[in-house]
Amino acid sequence: MVANVYLNEFDQEMMKRGHRIVRYANDILIFTRSKSAAENALCQARVILEDDLKLTVNQEKTHLTHSSSETKFLGVIIFSSYTKVQPKKINGFKEKVKNRKYL
């Protein structure tokens, strides 16, 4: 996708600054160790995205959350120390495999 190529500059800059990020196309998660670090990372991300790359950050979708709560992202649940696929996604995959017709 074009977003992946275009946002590579964002990825590189955030990693240079020591941030752990997960991104798929234009959906981005930034992991930090504290609320103040998260606020700082969000400010840095906005500068890179809006000023440097001339993109708009969706204020309605943007939020900070604590890692002790589960974060759902594109069919995956991300915890502070591990990641797992959402059960409904696994069940949907199993149904597709089970119902597949072979020649």
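Analysis parameters
Residues numbered from 1 in each chain as written. Predicted model: local features only at pLDDT ≥ 70, side-chain atom pairs only at ≥ 80, totals over all residues. Heavy atoms only, no water. Pairing = 2+ DSSP bridges. Helix = DSSP H or I, 4+ residues; strand = E, 2+ residues; numbered from the N terminus. Axes fitted to C-alpha atoms, helices over the stretch in contact; angles between N-to-C directions. Buried < 20%, exposed > 50% of the residue type's maximum accessible area, 1.4 Å probe, protein only. Polar contact = N/O pair within 3.5 Å; in protein donor to acceptor, adjacent residues only side chain to side chain. Contact = heavy atoms within 4.5 Å.

Asker: Break down the sheet that holds strand β5 (residues 83-85) for me, citing the residues and quoting the values.
Answerer: If you trace the 3 strands from one edge of the open sheet to the other, you get β3-β4-β5, paired in antiparallel fashion. Each of the sheet's edge strands pairs with one partner strand only, and the pair in question is β3 (71-73) and β5. For this sheet, the mean inter-axis angle between neighbouring strands, taken without regard to orientation, is 25°. In this structure, β3 lies alongside strand β4 (residues 76-78), joined through 3 bridges in antiparallel fashion.

Asker: For the side chain of H19, give the residues involved together with the corresponding values.
Answerer: Mapping H19 onto the fold places it in the loop between α2 (8-16) and β1 (20-24). We classify H19 as buried; its relative accessible area is 13%. A polar contact of 2.9 Å, which involves the side chain of H19, links it to the side chain of Q44. Once residues lying within four places of it in the same chain are set aside, the contact partners of H19 are M14, I30, T32, A41 and Q44.

Asker: Just give me the short version of the pairing of strand β2 (residues 27-31), but keep the residues and values in it.
Answerer: Pairing geometry for β1 and β2, over 5 bridges, is antiparallel. Paired with V22 across the two strands is L29, which belongs to β2. Taken together, β1 and the strand that follows it, β2, pair antiparallel across an intervening segment of 2 residues, in which A25 is found at a positive phi of about 55°.

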